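For reference, the chains in residue letters:
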Amino acid sequence: MGNWGGSVAARTDGDLRDLMEAAGFDEVEDAEVLEDGWQVADFADAAERALAALVGRTGTPVLMVSFMDSDVGLVKGVTPEGHGWEGLLDRETAESYEIPLEEFPVERAVEGALAWSAAAGLTADAAVVEQALTEPALFAEELASLLYAGLGIPGAESPASDEDDA
């Protein structure tokens, strides 16, 4: 486990990159503009309270996925009211990293994700959220894209599987 970095999804009329940098995120890349004010930006590192600071700056729910070597993703969602949830992407690999899976129960993560989505004014697909939180993948970033789509983030596209192309 060495390379960290991550991705943030937030709705804002401002420049997400500028907001993230002001909140304590480092080496933020230009944001990908999705739909309905949603943006996604990648970052190299984040200060301990960067996520909460970003929620305060946007005034909207924010989702952050921190990646460990592109193998595992630690998901954190927070709302302006202070409600949050956590989950793991690629539990199989997380277990091989000796991450205690019992600290990230899938059912609680799905419930938290659905509540976060509703607080963001979105309509989530519980089955897709659960899929993102339970299936393995070659890269955790693929599962993050699937999670964004499952949460109902407008313009987020789930990655197409190779099997669909065959």
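Scroll up a little and you will see the structure.
Residues numbered from 1 in each chain as written. Predicted model: local features only at pLDDT ≥ 70, side-chain atom pairs only at ≥ 80, totals over all residues. Heavy atoms only, no water.

**Concerning the overall build of the protein**
- The secondary structure content of the protein amounts to 7 helices and 8 strands.
- At 15 Å, the protein has a C-alpha radius of gyration in line with the 15 Å of a compact globule built from 166 residues.
- Counting only C-alpha atoms, the protein reaches 40 × 35 × 30 Å along its principal axes.
- Taken across its 166 residues, the protein has 45% of its residues classed as buried.
- Side-chain charges in the protein split into 7 positive and 36 negative, and the spacing between the mean points of these groups amounts to 11 Å. (Helix = DSSP H or I, 4+ residues; strand = E, 2+ residues; numbered from the N terminus. Rg over C-alpha atoms; globule rule 2.2 N^0.38 Å. Buried < 20%, exposed > 50% of the residue type's maximum accessible area, 1.4 Å probe, protein only. Lys, Arg positive; Asp, Glu negative; His and termini not counted. Charge placed at Lys NZ, Arg CZ, Asp CG, Glu CD.)

**Quick look at unusual backbone geometry**
- Although it is not a glycine, Glu-27 adopts a positive phi angle of roughly 50°.
- Positionally, Glu-27 belongs in the loop between strand E2 (25–26) and strand E3 (32–33).
- Here Glu-27 falls in the exposed class, since its relative accessible area comes to 65%.
- One non-glycine residue, Asp-90, lies in positive phi territory at about 70°.

**Side note on the side chain of Arg-91**
- By the element assignment, Arg-91 lies in helix H3 (residues 91–96).
- Summary of buried charges: Arg-91 has no salt-bridge partner, and the nearest side chain of opposite charge, Glu-102, is 7.3 Å away.
- The residues touching Arg-91, leaving out its near neighbours within four places in the chain, are Leu-101, Phe-104, Val-106, Leu-133 and Thr-134. (Salt bridge = Lys/Arg side-chain N within 4 Å of Asp/Glu carboxyl O. Contact = heavy atoms within 4.5 Å.)

**Quick notes on the environment of Ala-119**
- Positionally, Ala-119 belongs in helix H4 (residues 106–119).
- Between the alpha carbons of Ala-119 and Pro-61 there is a distance of 7.0 Å; along the sequence they are 58 residues apart.

**What to know about the packing of H4 against helix H5 (residues 126–134)**
- Running from N to C, H4 and H5 point in directions that differ by 135°, and their axes come no closer than 10 Å. With respect to each other, H4 and H5 are oriented oblique. Relative to H5, H4 is oriented so that their crossing is right-handed. Packed against H4, whose contacting residues are Val-106, Ala-109, Val-110, Ala-113 and Leu-114, the element H5 presents Ala-126, Val-129, Glu-130, Leu-133 and Thr-134 at the interface.
- Across the contact of H4 with H5, the residue classes tally to 8 nonpolar, 1 polar and 1 charged. (Axes fitted to C-alpha atoms, helices over the stretch in contact; angles between N-to-C directions. Parallel < 35°, antiparallel > 145°, perpendicular 65-115°, else oblique. Left-handed = near helix turned anticlockwise from the far one by under 90°. Nonpolar A, V, L, I, M, F, W, Y, C, P; charged D, E, K, R; others polar.)

**Side note on the pairing of strand E4 (residues 38–43)**
- Of all 6 residues in E4, 5 are buried; the element is thus mostly enclosed.
- In terms of strand pairing, strand E1 (residues 4–11) meets E4 through 6 bridges, oriented antiparallel. Pairing of Val-8 across the sheet is with Ala-41, part of E4.
- Pairing geometry for E3 and E4, over 2 bridges, is antiparallel. When the bridges of E4 are listed, Val-33 appears paired with Gln-39. (Pairing = 2+ DSSP bridges.)

**Side note on the side chain of Thr-93**
- You can see Thr-93 is positioned in helix H3.
- Filtering out sequence-adjacent residues up to four positions away, Thr-93 remains in contact with Asp-71 and Val-72.

**Observations regarding the packing of aromatic side chains**
- For the structure shown, the criterion picks out 2 aromatic pairs.
- Here Phe-25 and Phe-43 contribute two aromatic rings whose centre-to-centre distance is 4.9 Å and whose plane-to-plane angle is 70°, an arrangement assigned as edge-to-face. A residue pair is termed long-range when its members are at least 10 positions apart, and Phe-25 in strand E2 and Phe-43 in strand E4 qualify at 18 residues. Phe-43 carries the same exposure label as Phe-25, and that label is buried. (Phe/Tyr/Trp six-rings, centres within 6.5 Å; stacked < 30°, edge-to-face > 60°.)

Treat this as a map of the structure, not an account of what it does.
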